[in-house]
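# Coordinate analysis (summary)
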Amino acid sequence: MTILHVQGLAKRFGSHEVLSGIDLDVAKGERIAILGASGSGKSTLLRCINFMEMPDAGTVTLDGKVVGRRERELTAVRQRIGMVFQQFNLFPHMTALGNVMEGLRTVRRMPKAEAAARAERELARVGLSDKAAHYPAHLSGGQKQRVAIARALAMDPELLLFDEPTSALDPELVGEVLGVIRALAEEGCTMLLVTHELGFAYHVATRVIFLADGAIHEQGTPDEVLKDPKKERTRAFLARHKEFSL
Ligand SMILES: Nc1ncnc2c1ncn2[C@@H]1O[C@H](COP(=O)(O)OP(=O)(O)O)[C@@H](O)[C@H]1O
Ligand SMILES: [Mg+2]
């Protein structure tokens, strides 16, 4: 069952064509790892899928309906497609609980007590029940990222986008965030995950996409793309990630 259908998605910044016609179908329960060199358009692709950037061309279809054509439907689209950023993007003046409640209150208009109860459940899900009253400044990077994941989950997204969720973390904190993402994978969450953690991608993704020159250069199962890439550019990219072991 296809939940997301992207067709002919293109985006340029000035004269720089970053994405030049991306076609992508995502089935429910799929976990797609997106790889590519720095500047290859990975973030732009995720940002166009939930309309944080406006695509120049192409369509995004969610559950069979083209979305994003009207400004007023974008809030709904962003609820249905949750996003987790490299830099967490938490509100510094709100506690962990407040951050997770925010969308429930302002977008869903959920009563305060109900939103708080839901936010507590999501914080428990990422192992942070004891940090509900803490402000971001008093949380580690790994904890902040787990709050950001809880915030995305609170909106019951059909699809989760992760943009290098562990790239800003000290190495010893990467595992706790990958552990949460792995648990979501086991629950059957549908996700697009931009990552340089190739070992994690190998074990968690159902499909791997390699982006280059604004297009999907190669894609396939983790075994196909990571162990036996067909294209020279993919091979060269993987060779530059020597530290990676499957
Ligand atoms: N808002 C923007 N304005 C101008 N150029 C941008 C903007 N966002 C991204 N770019 C450019 O688009 C290219 C792709 O960026 P990005 O999607 O962030 O790549 P990646 O996430 O793969 O590193 C880069 O050359 C970047 O400088
Ligand atoms: Mg990026």
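Residues numbered from 1 in each chain as written. Chains lettered and ligands numbered in written order. Predicted model: local features only at pLDDT ≥ 70, side-chain atom pairs only at ≥ 80, totals over all residues.

Take the overall build of the protein chain next. Helix and strand content of the protein chain: nine helices and ten strands. If one aligns the C-alpha atoms of the protein chain with their principal axes, the spans along those axes are about 55 × 45 × 35 Å. Burial status across the protein chain gives 43% buried among its 246 residues. Taking as baseline every contact in the protein chain between residues at least 6 positions apart, the subset at least 24 positions apart corresponds to 64%. (Helix = DSSP H or I, 4+ residues; strand = E, 2+ residues; numbered from the N terminus. Buried ≥ 20, exposed ≤ 12 C-beta atoms within 10 Å, placed from the backbone. Contact = placed C-beta atoms within 7 Å.)

What the four strands build is an open sheet, ordered β2-β1-β4-β5; its pairing is antiparallel. At either end of the open sheet lies a strand with only one pairing partner, and these are β2 (16–27) and β5 (65–67). Neighbour to neighbour, the strand axes of the sheet diverge by 25° on average, direction disregarded. The pairing of strand β1 (residues 2–13) with strand β4 (residues 57–62) spans five bridges and is antiparallel. For His-5, the partnering residue across the bridge sits in β4 and is Thr-61. Packed onto the sheet, helix α1 (residues 42–49) meets β1, β2 and β4 and runs at close to 60° relative to β2. (Pairing = 2+ DSSP bridges. Axes fitted to C-alpha atoms, helices over the stretch in contact; angles between N-to-C directions.)

All right, on to the nonpolar core then. Within the largest apolar cluster, 67 residues are counted, with the highest numbers of intra-cluster contacts made by Ile-34, Val-100, Ala-150, Leu-161, Leu-193 and Val-208. If we skip the residues at most four places from it in the chain, Leu-161 touches Leu-46, Ile-49, Asn-50, Ile-81, Gly-82, Met-83 and Leu-192. (Core = buried A, V, L, I, M, F, W, Y, C linked by C-beta atoms within 7 Å.)

Our next topic: the sheet that holds strand β7 (residues 159–163). With mixed pairing, six strands are arranged side by side in an open sheet as β6-β7-β8-β3-β9-β10. At either end of the open sheet lies a strand with only one pairing partner, and these are β6 (81–84) and β10 (215–220). When strand polarity is set aside, the average angle formed by the axes of neighbouring strands in this sheet is 20°. When strand β3 (residues 31–36) meets strand β9 (residues 207–212), the two strands line up parallel, connected through five bridges. Bridged to Leu-35 within β9 is Phe-210. Against the sheet, helix α5 (residues 141–153) contacts β6 and β7, and its axis sits at roughly 175° relative to β6.

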